[in-house]
Each structure stands twice: as C-alpha cells, then as structure tokens.
Amino acid sequence: MDREVFERRLTTLLAVIAGLFLVLAVRLWQIQIVQGEYFLRLADENRLRITSVVPPRGLIKDRRGRPLTLNRPAFTVSILPTELRHPEQVLPEVARKLGMPVPEIIAKIDAAGDRPFEPVRLRRDVPKEAIAALEEDRMDLPGVLVQVEPVRDYLYGTLAAHLLGYLGEINDRDLAALRTQGYEAGELIGKDGIERIYDRFVKGRHGQIQAEVDAQGRPLRVIAKIPPTTGDTLTLGIDLDVQKAAEDALGSRVGAVVAMDPNDGAIVALASHPAFDPNLFATGITTTAWTRLLRDPLQPLLDRATQGGYPMGSVFKIVTATAALDLGLVNTDTRFYCPGFYNLGGHIFHDHEAHGNLNFLEGIAQSCNVVFWTLARPVGPDNLAKYARMYGLGQTTGVDLVQESAGVIPDPSWKARVWKEPWYAGDTLNSAVGQGYTLATPIQVARLLAAVANGGRLVTPHLVTQITTPQGQLVRRVAPPATGEVRLNPQTIAVLRAGLAAVVTRGTAASIQIPGLAVAGKTGTAENPHGKPHAWFAGYAPTDSPRLVVVALVENVGFGAEFAAPIVQRVLQVAFDVRPAPHP
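Thresholds applied
Residue indices begin from 1 for each chain and proceed along its sequence in written order. pLDDT decides what is reported in this predicted model: residues at 70 or higher carry local features, side-chain atom pairs at 80 or more are listed and counted, and totals for whole chains, interfaces and linings draw on all residues regardless. Working from all heavy atoms in the structure, the side-chain values ignore hydrogens and water. By the criteria applied, helices consist of DSSP H or I runs no shorter than four residues and strands consist of E runs no shorter than two, each listed in order from the N terminus. With C-alpha atoms as the basis for the radius of gyration, the globule rule is written as 2.2 Å multiplied by the number of residues raised to the power 0.38. Exposed residues in this analysis have more than 50% of their type's maximum accessible area, buried residues have under 20%, and partly exposed residues fall in between, with area computed by a 1.4 Å probe over protein chains only. A contact between two residues is defined here by any heavy atoms of the two lying within 4.5 Å. For every accessible area listed, the method is Shrake-Rupley and the probe measures 1.4 Å; residues are considered covered only by the protein chains on display. Neither His nor the chain ends contribute to the count of charged residues, in which Lys and Arg are positive and Asp and Glu negative. Charged groups are reduced to one reference atom each: NZ for lysine, CZ for arginine, CG for aspartic acid, CD for glutamic acid. For two strands to be treated as a pair, DSSP must find no fewer than two bridges joining them. Residues enter a nonpolar core if they are buried and are Ala, Val, Leu, Ile, Met, Phe, Trp, Tyr or Cys, with the set joined through side-chain atoms within 4.5 Å. Counted as salt bridges are all cases of a side-chain nitrogen of Lys or Arg within 4 Å of a carboxyl oxygen of Asp or Glu. Fitted lines through C-alpha atoms serve as axes, helices being fitted only where they are in contact, and the angles separating the N-to-C directions of these axes extend from 0 to 180 degrees. The crossing is said to be left-handed when, going from far helix to near helix, the turn is anticlockwise and less than a right angle, and right-handed when the turn is clockwise. Under this grouping Gly is polar, as are all residues other than the nonpolar Ala, Val, Leu, Ile, Met, Phe, Trp, Tyr, Cys and Pro and the charged Asp, Glu, Lys and Arg. Distance thresholds for patches are 9 Å for like charges and 5 Å for nonpolar side chains (Val, Leu, Ile, Met, Phe, Trp, Tyr), applied to residues having over 30% relative accessible area and no salt bridge.

### Structural notes on the overall build of the protein
Line of reasoning, step 1. A count of helical and extended segments in the protein gives 21 helices and 23 strands.
Line of reasoning, step 2. Scaling as 2.2 N^0.38, a compact globule of 584 residues should have a C-alpha radius of gyration of about 25 Å, whereas the protein reaches 33 Å, well beyond that.
Line of reasoning, step 3. Structurally, the protein occupies a C-alpha span of about 115 × 75 × 55 Å along its principal axes.
Line of reasoning, step 4. Out of the 584 residues belonging to the protein, those deemed buried represent 51%.
Line of reasoning, step 5. In the protein, the share of contacts with a sequence separation of at least 24, taken over all contacts with a separation of at least 6, comes to 71%.
Line of reasoning, step 6. As displayed, the protein offers around 27100 Å² of accessible surface, 54% of which is attributable to carbon and sulfur atoms.
Line of reasoning, step 7. Both charge centroids of the protein, one from 59 positive and one from 59 negative side chains, sit 3 Å from each other.

Take a look at the structure:
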C-alpha cells in the first residue's frame, strides 16, 4: 500500500469519527439544553416505575374438562419502600383503612429486608370500599400501590381440598432457591397438594408494566407493557361426580375414600374428612384461621388417604391368603374347623363368631379369623412381611402428593430394632389378620387391591393425567409406569379373586350387592387403642374386567361391613351409573 492510499483511508476514518462526535454533541445539546428543563422536572418530581404483573394460575379440571378452580380479579394493596417518604404518617392511615395493626405492616416491610424496590404486599382481595378510601387520600399516601391481581377461586370449597392443596406466600428460603425460575418476592405459590407438586406448570410467567409516575406515586402514563402468561392447565383423573359421591357417602364421619383405575393408577376420587376450605389460603390465611386449623383435634389438614397410617384389620387377609396359596399351604378345598376361638399355648384368641366347618374360600368370604390364625404359623412372620412388601405395603406409592406415609410392615428384625423386644407367636397371629404393628394408608390398600384386579402390576397412583397450555396444546401426558409386579401363578390370582367375589355374593359384604354390577372385595374391622374399631372395605368392579378399585376407611365406628362397605357401594353406583335399588 502506498502512502497516498493510506492517508486517504485515514482521512476517511477521522471524518467518520468526527461525524459520530458531532451526532453525540447534538444529542447532548438536545437533552441538556432543549429538553433539559423537562428531564430535570422528571428527575425531581417523577420517576419511572417497573411493576411486576402477576399471571393467572393455570386451571385445574376434572377428567371431563369441568373446572375445579378458576381465577377472579381482586385488589391488592402494597407498599413500595423506596417511595415511602413519611412512614410515620402514611402507615397509620393505611393501617386504619385496611383494618390492620400498624406493627403488622411494619413487620411485613422489615421482612422484605434489602428489597426496597419490590412492592411489599400488605393485603390481598381488599374490599372496594377500602380501595375507594385509599384513592381519595392518594396525595397523602406516597409509596402506597393498588394493583388488580388474580386470586385463586376453589369452586367447590372443601371438596377435594386435600388433593388440590392450597397456596401460601413464598418464604425467603424458597425464594432464594426459585428466583432463577421466575419466582418473585411476595407471590403466592403452591404449598400443598397438586398446587405444590405442579406449581412450576400452573404458576405462569410474570408480565411487567413500565410507567411514569409523579412525586406522589400516581401513574401518569404507561411507557411499556409486557403482558403476563397464564399458567398451564392440569387435567386430573378425578371425576367430579364420583368425587362428590365419595364425600357425600363419607359424610361427617372421619375417614377417607380412594377410587382408582386399577389398570393405570389414575385416581378417580380421593376424599379425606374433615377437610378445610382452600379459599382460606387463596389471599393469605389469617393467623387466627391458621391457628384454628392447627389446633383442631380432628386434624383437618391431614390427608387421611395418603398420610394416615391405620391397622388394616381383615383386609390384610388378602396378603396372608396370597402367601399361603403361593407357598402351597392351602387350596380352595382345604378345610378348617372354627369353634369361634384359637388356642395358642393356652392363650385364647377369640373370633367374632363360630363358623364351624368351612373351606378356604368360605374362610375368605366369612372373614374367619381362625382360618387365618391356623395358616399364620406355617406361613411365618418373615413370609407375611415379604408378601406384604411385594404388594407395596411398607413403602410409599409414589402418588403425586406430598408427605405420603410409608406405613409399617413389621417382622422380627423390625420389632427387635424398634421395640427392643423379641417376636412372639402371638405377633404372627396378629399380623396375619392385620392387627398388631401393621399400618397402611388407604391409597396403599387401593394399590394392593389393584394388583389383584389387574393380575399383579403395582400401578403408580396419580392425580394429574395431562398438562396443556391455556390454548389446549399438549405440554405433557402424565402416565407413570408401574413400580413393580407381584409375581404370582395364575391359580393363586384366580383363587384370590374367587374369594373376594364370594365376600360380596354370600359373605360379610353381601348387603352391598349391586344389581347388574358384579363386585368383589374384602371387609376389615381393625381394633385400635383409640376407641371403636376402624371400618374398612376395599372392593373392585366389575369382577370379570375390573375398571375401578374403591377403598373406604372410617375411623372408630365399628364393623367394616356396616360402615365402610356402603360407602364403596355408593361410589360404584355413581361411577357405573347404576341406580340404587328401591327399598322394599
């Protein structure tokens, strides 16, 4: 390159740089001289405010597309600490209009810590009258924000409360862990139930409003707006009609009902009573209401279907029968004699009645304890525990809910470890009929019976079956695989099914027969140290091609055939659209 070319290019470059400086100088002149007064006023009196916009949570629907939740607009009042110029004047006035103690407001602001630019929500779902009073005094309340936010609306109150769950304000620990996923201070997140498990899907994505506000915090104009994105929709396996039937049949009694498809584990109904109203949490539960729930001796927050551990009573005989059949200790023609008691080395175990001579199938149908006490010792405690665990007892089912109980399946080593005591022959007899140390949840029992009904697969119970966008596009289909298999020969399965069918055709649950629908099942009456026995019934239908398992547990009422079996009967009638037989 010769010198002449170099100098020409250098001159061109210098000219470009000079042009850029000229443009910059003109812009600075425009800002400082031409518009200087405007921007000075803006800096002194007005400011830009970026406000997050809360998205509506995704809807929750039953298997037929009927909504169980909606969202409704409501007023939220917040304090923006960085704009709170005269707290000694503003806070008492806001407290008076909202009906809140001043110390409570100060505590909320203090809890926000080092986040002065983020609104501190004082109260959600504020009545229009209080909002009108705040707006009247807007000039005297700098730093007070009034926003319209969506509020969760649980359409059926306490119905399905334990499976839906509830909301609560995000705490500092969760915020630190979830901020990178779009969570913000002060927002409501799922704290229990599927609201918690699937929160990342239903929470949606926040929007933003960039607005110019005056010195009093009043918005002057919107500069930019990013709309929020509604959360995804959850479709459940729940059938609203079956859920209502389960809760109505359970009534005011304390207990739980689980209805589940034995073929894929989709939960059709899950009821626990007493319950709570999730709407209490939708805008932030009050301290008084929260304390009342916690101190209620009936524990309405406890999901008895998945968290309650109960002795199984005679429902456990399904396990004992499986072990005895699979070990070749019994067949359908094996005969027993029941005098109404069993003598174990001089210690008498009393049956509920003397059944006389009967075969094994009749022993299941009549729930004869003597039959199962007779089988208990040759089966042995280790085999009882082994087959119980094969059915998934003593371990969580993997249902998409929180804090599921694993229950207890005892054996000699367990007793030595936990109770520091040896295992006695009487422990084996108690275990064989579901008494003693054995504890199970209703959903575990539902999975056990589902394995009998479907041929041995341990399905994974689940509430959500599908996640879609608000526009209906599929996000995820939820179909968890079976977690195991009870490997039994077909003859064992056939005898078990015949015995469970006999329970309803001529046994302890003959009173719940449904014309046109063949039902199989097992009653249970579980003694416990807290009063009357717990009543159980676990059944499925139709017997030739099972499509629904239903388990009912009622605390401290008496016999399973009297108190639990009719609940299952009612649920099956609704699920299969069978009209109840008229009373004679």
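### Concerning the sheet that holds strand β18 (residues 464-468)
Line of reasoning, step 1. Ordered by their spatial adjacency, four strands build an open sheet running β2-β10-β18-β19, and the pairing between neighbours is mixed. One side of each edge strand has no neighbouring strand; the edge strands of this open sheet are β2 (60-61) and β19 (474-477).
Line of reasoning, step 2. In the sheet, strand β10 (residues 233-236) pairs with β18 via four bridges, with the strands oriented antiparallel. Residue pairing for β18: Thr233 is matched across the bridge by Thr468.

### Quick word on the nonpolar core
Line of reasoning, step 1. Grouped together as the largest cluster of nonpolar side chains are 126 residues, with contacts concentrated most on Ile194, Val257, Phe360, Tyr391, Leu393, Phe537 and Leu572.
Line of reasoning, step 2. Looking at this core, the element that brings in the most residues is helix α18 (residues 442-454), giving nine residues.
Line of reasoning, step 3. Apart from residues lying up to four places away in sequence, Tyr391 is in contact with Ile318, Val319, Thr322, Leu448, Ala451, Val452, Leu458, Val486, Leu488 and Leu496.
Line of reasoning, step 4. Ranked by size, the runner-up nonpolar core spans 18 residues in total, among them Val77, Leu84, Leu91 and Met100.

### Description of the pattern of salt bridges
Oppositely charged side chains may form a pair once their charged atoms are brought near each other.
Line of reasoning, step 1. For the structure on display, the rule yields 21 salt bridges.
Line of reasoning, step 2. The salt bridge involving Glu93 is made with Arg96; its shortest N-O contact spans 2.6 Å. Here Glu93 and its partner Arg96 are both found in helix α3 (residues 87-98), three residues apart, which amounts to about one turn of the helix.
Line of reasoning, step 3. Classification of Arg96 by relative accessible area gives exposed; the value is 57%.

### Section: the packing of helix α12 (residues 317-326) against helix α19 (residues 490-505)
Line of reasoning, step 1. Relative orientation of the contacting elements α12 and α19 amounts to 145 degrees, with a least axis distance of 10 Å. Between α12 and α19 the crossing geometry is right-handed. Every residue of α19 that contacts α12 at Ile318, Ala321, Thr322, Leu325 and Asp326 is listed here: Thr492, Val495, Leu496 and Leu500.
Line of reasoning, step 2. Here the residues of the contact of α12 with α19 are counted per class, giving six nonpolar, two polar and one charged.

### With respect to the sheet that holds strand β4 (residues 120-126)
Line of reasoning, step 1. Reading across the sheet, the three strands line up as β4-β3-β5 and stay open at both edges, with antiparallel pairing between neighbours. In this open sheet, the two edge strands, each paired with only one partner strand, are β4 and β5 (144-154). When strand polarity is set aside, the average angle formed by the axes of neighbouring strands in this sheet is 35 degrees.
Line of reasoning, step 2. Pairing geometry for strand β3 (residues 69-79) and β4, over four bridges, is antiparallel. Paired with Ile79 across the two strands is Val120, which belongs to β4.
Line of reasoning, step 3. Each of β3 and β4 touches helix α4 (residues 102-111); the most contacted strand, β4, lies at about 125 degrees to it.
Line of reasoning, step 4. Its contacts with the sheet place helix α5 (residues 128-136) against β3, β4 and β5, and it is angled at close to 30 degrees to β3.

### Focus: helix α21 (residues 565-575)
Line of reasoning, step 1. Those residues of α21 that fall on the buried side of the exposure criterion are Ala565, Ile567, Val568, Gln569, Val571, Leu572 and Gln573.
Line of reasoning, step 2. Those residues of α21 that are buried are in contact with α10 (240-250), β11 (255-260), β22 (531-541), β23 (548-554) and α20 (560-563).
Line of reasoning, step 3. Note on α21: the residue one or two positions beyond its end, Asp577, has a positive phi of about 55 degrees.

### Digging into the environment of Pro73
Line of reasoning, step 1. Mapped onto the elements, Pro73 comes out in strand β3.
Line of reasoning, step 2. Sequence-wise, Pro73 and Asn383 are 310 residues apart; in three dimensions their C-alpha atoms are separated by 59 Å.

### Quick notes on a nonpolar patch on the surface
Line of reasoning, step 1. A surface patch of nonpolar side chains, about 770 Å² in accessible area, is lined by Phe6, Leu10, Leu13, Leu14, Ile17, Phe21, Leu24 and Leu28.
Line of reasoning, step 2. Tracing the chain through its elements places Ile17 in helix α1 (residues 3-34).
Line of reasoning, step 3. By relative accessible area, which is 36% here, Ile17 ends up partly exposed.

### Considering the side chain of Asp351
Line of reasoning, step 1. Locating Asp351 in the fold gives a position in the loop between β15 (347-350) and β16 (356-359).
Line of reasoning, step 2. Apart from residues lying up to four places away in sequence, Asp351 is in contact with Cys338, Gly340, Phe341, Cys368, Asn369, Val370 and Trp373.

### Structural notes on the environment of Val459
Line of reasoning, step 1. Counting through the fold element by element, Val459 comes out in the loop between β17 (457-458) and β18.
Line of reasoning, step 2. For Val459, a relative accessible area of 2% translates into the label buried.
Line of reasoning, step 3. Between the C-alpha atoms of Val459 and Pro481, which are 22 residues apart in sequence, the distance is 6.9 Å.

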